[in-house]
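Summary of structural features
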Amino acid sequence: MTSTDPTDVPYPNAQLHFGVFFQGVNHWTIWSDPGSGSQIDPASFRKVAQTAERGLFDAFFLGEGLRLREVDGLIHDLDVAGRPDAITQLAALAAVTDRIGLVSTSNTTFNEPTDLARRLSGLDLLSEGRAGWNVVTTDNAWTGANFRRGGYLDHADRYVRAEQFLTVARALWDGWADDAVADSREAPSWATPGAVRRVRELSSQFDVDLVPSLPRSAQGHPVIFQAGDSSEGRDFAARNGDVIFSAHGTEFDDALSFATDIRTRLRAAGRPGDDLRILPGTEIIIGRTEKEAREKARWVRFAQVTPATALNVASLLWGIDLSDRDADGPLPKEDPVVIENTGAFGARRVADPRATVARWRAEAEHHGWSLRETVIALGPQRGHVGTPEGLADKFTHFARHGAVDGFNITPYLIPEGLDDIVELLVPELQERGVYRTEYSGTTLREHLGLREPLSRRAVNPHRRAG
Ligand SMILES: Cc1cc2nc3c(=O)[nH]c(=O)nc-3n(C[C@H](O)[C@H](O)[C@H](O)COP(=O)(O)O)c2cc1C
């Protein structure tokens, strides 16, 4: 792919926005590398966030998992222990960074809006307008067992609750007028009289009646991210989101068709097609030559899919314990056991194991692959591999054709994994005019080039009276 004539593309002025997704639960981060830090050492978070800021990234991003995943009553071995609460962790990072956005994934199924909106508001104030909230409904049924309601909402109800949750959060955030804080020492109160509105929200999920306790931040309120890929999830993002974190960023056609779908849904929701940023998650593997990049990718894959990991992935697919097998030997002879995927245990089983195993067998036989090589070749594929120049051309093409607005990058090494992206890829993107050369604003909303919060617009379904 070569760089395109910028005048001959649908989005000639497109700019790429990068986030870094510091992962907690996966087998994609290579903790076994001698250069790896610890997943719980504050130095790891600090180094990644500061490197991202040096690379002028928009955001440092954290997922949420409130319980370790289990398979058949046993902790899923691919999970790393120790994921500090995101908002707490981001508050610590706010103190050692100046510009980068700080995004917390926090679910709407098990939280309560009066509490979560206040905590996010706190992060937004303490970071001077750099907070983001990735709104997820969470499909983690096993998480719910430890919450007061002890249960789980149906998929459709989760989005109903999410929408009502966001309505309450927005009302709380908008409860203070912009100039509500009394700024005179002689003022009779902490707020200008009449500038703080009592919030009353009654819906099927919530009954809220209170005066919000925190003023607005430098960016109004936290930027709203969304991650959830169903039709309901996409519509929810189109109605409510500023950014969508997707899983559609590897193949150009898939990315473009996702982006086109989101833009159609945005317009249907009464918003301009460019009102939301699309940032797929991706891994980026860089080599100085194509050959070096391919060799590095091979090293990365083998380091990610260790023999134990290969057996773990295969056990999930086959539905039987394969931990005593030889990962470097042939595929198991047994037929897979079809177990209903109740979502109750955490780690997902494959939807149609018989068909998948049949395909794996055929491919493994054809190529002479071991079980581990088969997992590497046919298991989940992710990310982009190439030289800085080649990747910069490719990403410029993606951006100028409207397939993505950037990427939420998952480093395969912590804490050094962003170094070559910042040092080698970012300058190439800057040279092509698709990446900032300095931060022009101070808030996350400004970094992302977003309009004012939805609830503050003149014509908007979210605008509240008063
Ligand atoms: C890219 C992506 C990232 C997600 N990250 C999280 C997460 O960190 N924590 C979580 O509980 N759920 C996460 N989810 C799951 C969503 O909360 C949601 O439950 C799930 O995608 C099912 O909704 P859907 O059918 O609309 O996709 C993520 C989903 C996507 C697509």
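Residues numbered from 1 in each chain as written. Predicted model: local features only at pLDDT ≥ 70, side-chain atom pairs only at ≥ 80, totals over all residues. Heavy atoms only, no water.

Right, let's talk about the site of the ligand for a bit. Thr138, His155, Tyr159, Asp229 and Ser230 are the nearest of the 16 residues found near the ligand. A distance of 2.5 Å separates an oxygen atom of the ligand from a polar atom in the side chain of tyrosine 159. For the ligand, whose accessible area on its own is 610 Å², the fraction buried by protein is 80%. Here the residues of the shell around the ligand are counted per class, giving four nonpolar, nine polar and three charged. (Near = heavy atom within 4 Å. Polar contact = N/O pair within 3.5 Å; in protein donor to acceptor, adjacent residues only side chain to side chain. Areas by Shrake-Rupley, 256 points an atom, 1.4 Å probe, with all protein chains shown as cover. Nonpolar A, V, L, I, M, F, W, Y, C, P; charged D, E, K, R; others polar.)

According to the stated counting rule, one finds 29 salt bridges in the structure shown. Ionic pairing is found between aspartate 261 and arginine 265, a salt bridge with its closest N-O pair at 2.8 Å. Taken together, the positions of aspartate 261 and arginine 265, both in helix α7 (residues 252-268) and four residues apart, correspond to about one turn of that helix. On the basis of relative accessible area, arginine 265 is assigned to the buried category, the value being 18%. One salt bridge connects arginine 432 with aspartate 393, and the closest N-O pair in it is separated by 2.7 Å. One end of the pair, arginine 432, is in the loop between α13 (419-431) and α14 (444-447); the other, aspartate 393, is in helix α12 (residues 388-400), and 39 residues separate them in sequence. The exposure classification of arginine 432 matches that of aspartate 393, with both residues buried. Within the structure, one salt-bridge network assembled from shared partners comprises Asp229, Arg234, Asp235, Asp261 and Arg265. (Salt bridge = Lys/Arg side-chain N within 4 Å of Asp/Glu carboxyl O. Helix = DSSP H or I, 4+ residues; strand = E, 2+ residues; numbered from the N terminus. Buried < 20%, exposed > 50% of the residue type's maximum accessible area, 1.4 Å probe, protein only.)

Here the focus is the environment of tyrosine 159. With respect to the helices and strands, the residue tyrosine 159 is situated in helix α5 (residues 155-173). With relative accessibility at 9%, the residue tyrosine 159 sits in the buried group. A C-alpha to C-alpha distance of 6.7 Å links tyrosine 159 and threonine 137, two positions 22 residues apart in sequence. Tyrosine 159 has contacts with Thr137, Gln226, Gly228, Ser230, Glu232, Gly233 and Phe236, leaving out every residue within four places of it along the chain. (Contact = heavy atoms within 4.5 Å.)

Along its sequence, the protein is organised into domain 1 (6-283 + 382-456) and domain 2 (292-378). Averaged C-alpha coordinates put domain 1 and domain 2 at centres separated by 31 Å. (Domains from an automatic or database assignment.)

The N-to-C vectors of α12 and α13 enclose an angle of 50°; their axes lie 9 Å apart at closest approach. Between α12 and α13, the angle is such that the two are oblique. Like other packed secondary-structure pairs, α12 and α13 cross with a definite hand, here right-handed. Contacts from Pro388, Glu389, Leu391, Ala392, Phe395 and Thr396 in α12 reach Leu424, Leu425, Glu428 and Leu429 in α13. (Axes fitted to C-alpha atoms, helices over the stretch in contact; angles between N-to-C directions. Parallel < 35°, antiparallel > 145°, perpendicular 65-115°, else oblique. Left-handed = near helix turned anticlockwise from the far one by under 90°.)

Quick look at the nonpolar core now. Among the nonpolar cores identified, the biggest contains 65 residues, and Phe18, Phe57, Phe60, Trp133, Ile421, Leu425 and Leu429 are the most heavily contacted of them. Ranked by residues supplied to this core, first place goes to α5 with nine residues. One finds Val305, Ala314, Trp360 and Ala364 within the second-largest nonpolar core, a separate group that totals 17 residues. (Core = buried A, V, L, I, M, F, W, Y, C linked by side-chain atoms within 4.5 Å.)

Our next topic: the pairing of strand β10 (residues 243-246). Burial of β10 is two-sided: the residues Val243 and Phe245 facing one way and the residues Ile244 and Ser246 facing the other way are all buried. For strand β9 (residues 223-226) and β10, the ladder comprises two bridges, and the chain directions are parallel. In the strand pairing of β10, phenylalanine 225 is matched with valine 243. Between β9 and its parallel partner β10, the chain crosses via helix α6 (residues 231-240), and the hand of that crossover is right-handed. Alignment of β10 against strand β11 (residues 277-282), held across four bridges, turns out to be parallel. Within β11, the position partnered with valine 243 by the bridge is arginine 277. (Pairing = 2+ DSSP bridges. Right-handed = clockwise from strand over helix to strand, strands pointing away.)

Moving on: helix α2 (residues 86-94). All buried positions along α2 are accounted for by Ala86, Ile87, Gln89, Leu90, Leu93 and Ala94. On an axial view of α2, the arc spanned by its buried residues comes to 160°, and they lie on one face. For α2, the elements touching its buried residues are α1 (42-54), β2 (59-62), β5 (101-107) and α3 (113-126). (Arc of directions from axis to C-beta.)

Pairing within the closed barrel is parallel, and its eight strands lie in the order β1-β2-β5-β6-β9-β10-β11-β14. Put simply, the sheet's adjacent strands are angled 30° from each other on average, direction ignored. Those strands touched by α1 are β1 (17-22) and β2, and its axis lies near 175° from that of β1. Against the sheet, α2 engages β2 and β5, with an angle of about 170° to β5.

Turning our eyes to something else, we now look at unusual backbone geometry. Residue proline 415 follows isoleucine 414 across a cis peptide bond; omega there is 5°. Its place among the elements puts proline 415 in the loop between β14 (406-409) and α13. Phi at leucine 56 is positive, roughly 60°, even though this residue is not glycine. The topology assignment puts leucine 56 in the loop between α1 and β2. Leucine 56 gets classed as buried once you look at its relative accessible area, which sits at 12%.

Residue position: histidine 384 is located in strand β13 (residues 384-386). Take histidine 384: its relative accessible area is 1%, and that puts it in the buried class. Within the structure, the side chain of histidine 384 is placed 2.9 Å from the side chain of lysine 394, a separation counted as a polar contact. Aside from chain neighbours lying at most four places away, what touches histidine 384 is Gly249, Thr250, Thr282, Glu283, Ile284, Ile285, Leu391, Lys394, Phe395, Phe398 and Phe407.

Here we take up the pairing of β14. Every second residue of β14 is oriented toward a common face, with Gly406 and Asn408 on one face and Phe407 and Ile409 on the other, all of them buried. Of the pairings in the sheet, the one linking β1 to β14 comprises four bridges and is parallel in character. Across the sheet, the residue bridging to histidine 17 is glycine 406, located in β14.

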